[in-house]
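# Commentary on secondary and tertiary structure
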Protein chains: 2
Amino acid sequence: MTATRPAALPATLLEPLREKARLLRIHSMRMTTAAGSGHPTSCLSAAELMAATFFHAMKFDVADPNSLASDRFVLSKGHAAPILYAALAEAGVFPVSRLMTLRQFSSELEGHPTPWIPGVDAATGSLGQGLSVGAGLAIGARRQKSDARVYVLMGDGEMAEGSVWEAAEFAGFYKIDNLVALADVNALGQSDRTMYRHDTDVYRRKFESQGWATEVVDGHDMAAVVAALDHARSTPGQPYAIIARTEKGHGISFLADKDGWHGKALSPEQLEKALAEIGPAPPVQKDDGRSYARKSLPVPPDFPAPPAPEYKLGQEVASREAYGTGLRNLASVNPKVYALTGDVKNSTFSDILQKAQPDKLIQGYIAEQNLVSTAVGMAAQGLVPFVDTFACFLSRATDQVRMAGISRSNINLCGSHCGVSIGEDGPSQMALEDLAIFRAIPGAAVFYPSDGVCAERLTEEAARRPGICYLRTSRPKTAVLYGPDEKFPVPGLKVLRQSANDAVTVIGAGITLYEALKAYDELKSRGTAIRVIDLYCVKPLDTAALAENVRATGGRVVTVEDHYAQGGIGEAVITALAESGVALAAVRRLAVDRVPHSGKPAELIETFGISAKHVVQAVDQILQKK
Amino acid sequence: MTATRPAALPATLLEPLREKARLLRIHSMRMTTAAGSGHPTSCLSAAELMAATFFHAMKFDVADPNSLASDRFVLSKGHAAPILYAALAEAGVFPVSRLMTLRQFSSELEGHPTPWIPGVDAATGSLGQGLSVGAGLAIGARRQKSDARVYVLMGDGEMAEGSVWEAAEFAGFYKIDNLVALADVNALGQSDRTMYRHDTDVYRRKFESQGWATEVVDGHDMAAVVAALDHARSTPGQPYAIIARTEKGHGISFLADKDGWHGKALSPEQLEKALAEIGPAPPVQKDDGRSYARKSLPVPPDFPAPPAPEYKLGQEVASREAYGTGLRNLASVNPKVYALTGDVKNSTFSDILQKAQPDKLIQGYIAEQNLVSTAVGMAAQGLVPFVDTFACFLSRATDQVRMAGISRSNINLCGSHCGVSIGEDGPSQMALEDLAIFRAIPGAAVFYPSDGVCAERLTEEAARRPGICYLRTSRPKTAVLYGPDEKFPVPGLKVLRQSANDAVTVIGAGITLYEALKAYDELKSRGTAIRVIDLYCVKPLDTAALAENVRATGGRVVTVEDHYAQGGIGEAVITALAESGVALAAVRRLAVDRVPHSGKPAELIETFGISAKHVVQAVDQILQKK
């Protein structure tokens, strides 16, 4: 807490804020009743917090509320969307008349916020993610010389999520003092009283234990809320948490602190009763039918070509290390690039970037959820974040990546140590489901470089490409296959071995591509030609090229991947081929089919059925069958 | 902290414990040097904690250390596996000679612990999950009248994970006082000093803010560690956290508190130097080649048939509600059944169980990671946990489910509100990637009931089936299709419409099955017969039955699912058909292909391409193409 405190706001300035809070309550109830669903009582508890934040604390450009200069607001308790929309409308970002379209298919005002709404930077609605997004926005402002501040409104129910405390420790550790958390402690969850009910001191101690300045206030006392926001502004060196004791449904007698009202809109009759209690309501304004959605979402900034990869053909380099080199080269020409690492920078090799430009790597410690959502916030400020950890540990942030997908966020993620080829560390360290997870994120690109050149080039591509890009890198060193000028279009694939007489197309990536190449040599020595494809881009899939090649080998195809059989390369390729009408004469999918084990990489590739031997066997089986 | 404290252990009893710590250090270094990899320094910091816990505090049956009566130990910092194995060996669970097989393919002593090792209940190695597992083991003991206590060893690095604090708040809230957390604060992460270095007070305040009794000790002072463990035992009403200041690499001059040693085995020369420092080492014992893996892992207990579903054909009931009814019926005949809910029991309908048997529902609040790992602990005690939340929020616990898969844990998960058919709440609340995630968990069964009868029967099946079972339930009410005695074998499917002249097989589940049935009616009125399949069991897939039906319709197939196109029903079915050699004449996959939007369920089903109209169009296209 700070020692010097600004003078309290005079009562004459509080009254307009109280009126704003009253209007926000009216809008929130009307909107949800019109929609027939929504969470009015979760809005009512936050009305003073919202009014004070939007109409006293925040300074932002109503014509461009997502600009770098603008203070930002993140509604972490996304189900209170109506009151956010009401605040944006009252601020003049869009007309109040638009509010009555809430939750309609034709409206940008969805049930939970998305960045299509001006003033929103990230989709919320999966609880507990907003504070990390706010931390990322705050970092994005500071690193780009903006004095903008970031406000995050959280519910007490969502503060049970561990991700909130990852964000809190991160912001406390890095003393992110342009970040303010507002905790709306209304003591009512969806189905029960919250864990700590109105014991605001628990939250205070939790925040303080992680380096935050805190203040506990009556969340319906406008003077107290305004004063707390002022204190936050005048407390340097620490993020600030305003812990507000509130009532769910506050302001309406039959809703206030009542069970059973979560996520329920008022009936028209109930609304009338509520409005009668709350005083004169402005007339309902008719929507003009115009959309106020943002015209476009942020796109990654353009940048000049980075230095070309410097490998010799056949040189042994791990794709994970090439990623680090590529990141360093990229950052040398793109000042917006940042790495966020989960305490594994010496395994994922983002430390190569750090050695060149120490301030471009943010150590995020072992807190993957926070890494991803912080990156979403940074991307919303126009930065180009790369999150790195072992690929299996990115699964810790699956829900955050899902939400980033809904946000159409320009984040990049590098997952190293994929598959059984990591060896002795065993299954807990092996990503064997990451392709399934990332392929199922709409709009996400999934890259799987096999050699160093491809890894560097796809790192560059990730920085250029809008939306989520996932890079899957491998632990073992592998031979460089491509010259420094090779291009890797997206979608795309490389045909590494081909002839007019190819009997089967074999598709691999990463470590299995090299197994396929070994199988090629063995089969060739026996007089069988196979076509070998490097599927460096797993999504989007170059279906036309796949179809052309598999048709050329008579509809005979083998896929081989260091991944479980479900949701990976095999399913992607085979389904795409079948859908495009390729007559599939014989299909074999080689993949890991059970929980693996510790052992030497070669032992595991062999035991779990994805070695050159298995490729040869699959080809032999197919051809005998012919 | 407790007021009355037991007397300190006499020095004569401390010396043998110190000798055990010394032996554990020797074993840990030798094992990792023999393996050529591993994390010896992460073991060395924990030697006194491990020795005191295993040889002073814990009481367990060395012949059956996973028994209900046995105290349990969870190594949350799984990379310190060598010292756990060393402690188990020194305790007599398996011979010390076995230790030298660490990380070999033929050995059960994998790089990170798995439950195949006697004395281990859950796989660890993805950090921050052990405290939740421990909470589940502790609950499992208490609910089954065991006085057993549970000890969880955590690293300070992993305490950056939010999941740790979900577990801490859960255990504090429920006053799980047979649970002891040991925090090994060695201040060194993998790639940097940890966030709070040796500031043990931060951890103390974090635990205390959540209701734990705490004690800070010098983790290399055996008397202090032993005393703390005694204090923990004599502190009722609260879980107990022993926060130990330690040194990574402690005991060896060139390792202690040194950077750059994470995850590195000593060379044979370095080992010799280390052993010279640490005093006389016992001779290395030669492995006898015998496996000491557990013969089997826990299987769910058998139970009599629950009451049959009570629906009339055509009655409208949501599968999510039938799940709740089924869970209640199941629990009426199986006392091991428990529900853990993420504050959504009134949406997922586990509150139906709670109304019948209030003590069988555990409110886990909004902390999905903790729900899943707690369930893993409960299952390891022979309970039958069902975790429920919105399906999209289960994605928050993807890494925990992944680790549960490696553990072969008997947990069941019900995800409600799948797909766009939830309507107005919008994309953040829609699970459209859950099939991809759960299908990629090895050994997991994926059930997708369409009607109430099937939902109840598959809930029963989940309780009988070993391994992870995932139930995907829907928000809208749907017509009951099956009589109360219908059986739903696994794998299996139901052919709901068929004739000798079926032109196309249409495969759906959940809401899309009803769209397929509508399409059937429309096409029939136009003289086209289609075969309609209810794919209630998405994994394992009944490939033989699928192939038979699709062959019967000339290799023409349409899949339709309320899920993204990747990793769902379409890819599973089409790939399986192609692999089994079904000549696919025409394939259409109807699925959600982009981020959806708020709107009415019918609007969304229509807009996102999975309605009866789209099924009819797909069939028409296929048949025109013929």
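Note: the structure precedes this text.
A short tour of the structure in this document, coming up. (Residues numbered from 1 in each chain as written. Chains lettered and ligands numbered in written order. Predicted model: local features only at pLDDT ≥ 70, side-chain atom pairs only at ≥ 80, totals over all residues. Heavy atoms only, no water.)

## Overview of the sheet that holds strand β4 (residues 213-218) of chain B
Residue and element names in this part refer to chain B. Strand order across the open sheet formed by 5 strands is β1-β2-β3-β5-β4, with parallel pairing between neighbours. With partners counted over all chains shown, the strands left at the sheet margins are β1 (72-75) and β4, one partner each. Geometrically, the sheet is characterised by an average inter-axis angle of 20 degrees between neighbouring strands, direction not taken into account. Of the strand pairs in this sheet, strand β2 (residues 150-155) and strand β3 (residues 179-185) are connected by 6 bridges, and their pairing is parallel. By the bridge assignment for β3, Val152 is matched with Ala181. Where helix α5 (residues 130-143) meets the sheet, it contacts β1, β2 and β3, and its direction lies at approximately 175 degrees from that of β2. (Pairing = 2+ DSSP bridges. Helix = DSSP H or I, 4+ residues; strand = E, 2+ residues; numbered from the N terminus. Axes fitted to C-alpha atoms, helices over the stretch in contact; angles between N-to-C directions. Contact = heavy atoms within 4.5 Å.)

## A few points about the interface of chain B and chain A
Counting residues at the interface gives 99 residues for chain B and 99 residues for chain A. Between chain B and chain A the total buried area reaches about 8,300 Å² when both faces are included, carbon and sulfur atoms providing 51% of it. It is Phe105, Met195 and Arg396 of chain B in chain B that bury the most area against chain A; as a group they hold 10% of the surface buried on that side. Summed over the shared surface of chain B and chain A, the number is 14 salt bridges. Of the charged contacts in the structure, one is a salt bridge between Glu579 of chain B and Arg589 of chain A, with a shortest N-O distance of 2.8 Å. Counting across the interface, chain B meets chain A through 58 residue pairs in polar contact (both at pLDDT 80 or more). No other element matches helix α15 (residues 398-406) of chain B, which puts 7 residues into the side of chain B that touches chain A. For the side of chain B that touches chain A, the class distribution of residues is 32 nonpolar, 38 polar and 29 charged. (Buried area = accessible area lost by both parts, 1.4 Å probe. Salt bridge = Lys/Arg side-chain N within 4 Å of Asp/Glu carboxyl O. Polar contact = N/O pair within 3.5 Å; in protein donor to acceptor, adjacent residues only side chain to side chain. Nonpolar A, V, L, I, M, F, W, Y, C, P; charged D, E, K, R; others polar.)

## So, the packing of aromatic side chains
If you walk through the whole model with that rule in mind, you get 30 aromatic pairs over all chains. Between Phe54 of chain A and Phe60 of chain A, the ring centres sit 5.9 Å apart and the planes meet at 90 degrees, which makes this aromatic pair edge-to-face. Both residues of the pair, Phe54 of chain A and Phe60 of chain A, count as buried. By the ring-pair criterion, three or more aromatic residues cluster together here, those being Phe54, Phe55, Phe60 and Phe73 of chain A. For Lys273 of chain A, the ring lying beneath its charged end belongs to Phe254 of chain A, and the centroid distance is 4.3 Å. In this structure, Lys494 of chain B is placed above the aromatic ring of Phe488 of chain B, and the distance from its NZ or CZ to the ring centre is 5.0 Å. (Phe/Tyr/Trp six-rings, centres within 6.5 Å; stacked < 30°, edge-to-face > 60°. Buried < 20%, exposed > 50% of the residue type's maximum accessible area, 1.4 Å probe, protein only. Lys NZ or Arg CZ within 6 Å of the ring centre and 35° of its normal.)

## Here we look at the nonpolar core
The biggest cluster of nonpolar side chains holds 176 residues, and the ones touching the most others in it are Leu131 and Phe207 of chain A together with Leu131 and Phe207 of chain B. When near neighbours in sequence (up to four residues on either side) are disregarded, Leu131 of chain A contacts Ser76, Val152, Met154, Val164, Ala167, Ala168, Leu179, Ala181, Phe207 and Trp212 of chain A. Within the second largest apolar cluster, 51 residues are counted, among which are Ala52, Tyr85, Phe94 and Leu229 of chain B. (Core = buried A, V, L, I, M, F, W, Y, C linked by side-chain atoms within 4.5 Å.)

## Observations regarding the sheet that holds strand β5 (residues 240-245) of chain A
Residues and elements named next belong to chain A. Within the open sheet, the 5 strands sit side by side as β1-β2-β3-β5-β4. Their pairing is parallel. Either end of the sheet is taken by a strand with one partner, and the two such strands are β1 (72-75) and β4 (213-218). Within the sheet, the average angular offset between the axes of one strand and its neighbour, ignoring direction, is 20 degrees. Packing against the sheet, helix α8 (residues 222-233) makes contact with β2 (150-155), β3 (179-185), β4 and β5, and its axis sits at approximately 170 degrees to β4.

## What about helix α4 (residues 81-91) of chain B?
Counting buried residues along α4 of chain B, 10 of its 11 residues qualify, which places the element largely inside the surrounding structure. The inward-facing, buried residues of α4 of chain B contact α1 (11-35), α2 (40-44), α3 (47-57) and β1 of chain B.

## Considerations on the relation of the copies chain B and chain A
Its rotation angle being 180 degrees, the transformation that places chain B on chain A also includes 0.0 Å of axial translation and leaves an RMSD of 0.0 Å. What the superposition gives is, in effect, a two-fold axis relating one chain to the other. Taken together, the interface assignments show that 100% of the residues at the interface of chain B recur at the interface of chain A, consistent with an identical surface on both copies. (Least-squares fit on C-alpha atoms with pLDDT ≥ 70 in both.)

## Some remarks on the packing of helix α1 (residues 11-35) of chain A against helix α3 (residues 47-57) of chain A
All names here are of chain A. At their nearest, the axes of α1 and α3 sit 8 Å apart, and the two run at 125 degrees to each other. Of the possible angle classes, the one that applies to α1 and α3 is oblique. Seen along the crossing, α1 lies across α3 with a hand that is right-handed. Where α1 approaches α3, its residues Leu17, Lys20, Ala21, Leu24 and Arg25 are matched on the opposing element by Ala47, Glu48, Met50, Ala51, Phe55 and His56. Residue classes in the contact of α1 with α3 are distributed as 7 nonpolar, 1 polar and 3 charged. (Parallel < 35°, antiparallel > 145°, perpendicular 65-115°, else oblique. Left-handed = near helix turned anticlockwise from the far one by under 90°.)

## Examining the packing of helix α6 (residues 162-173) of chain B against helix α13 (residues 368-380) of chain B
Residues and elements named next belong to chain B. Remark: α6 packs on α13, axes separated minimally by 8 Å, with the N-to-C direction vectors making an angle of 70 degrees. Accordingly, the angle class assigned to the pair α6 and α13 is roughly perpendicular. Contact residues: α6 offers Ser163, Glu166, Ala167 and Phe170, while α13 offers Glu368, Gln369, Asn370 and Thr374. Grouping the constituent residues of the contact of α6 with α13 by class yields 2 nonpolar, 4 polar and 2 charged.

## Notes on the pattern of salt bridges
Tallied over the entire structure, the rule returns 72 salt bridges over all chains. Salt-bridge contacts for Glu208 of chain A lead to Arg204 of chain A; the nearest nitrogen and oxygen are separated by 2.8 Å. Pair noted here: Glu208 of chain A and Arg204 of chain A are both in helix α7 (residues 200-209), with a separation of 4 residues, about one helical turn. Overall, Glu208 of chain A belongs to the partly exposed group, its relative accessible area being 28%. With its nearest N and O atoms 2.6 Å apart, the salt bridge here joins Glu108 of chain B to Arg98 of chain B.

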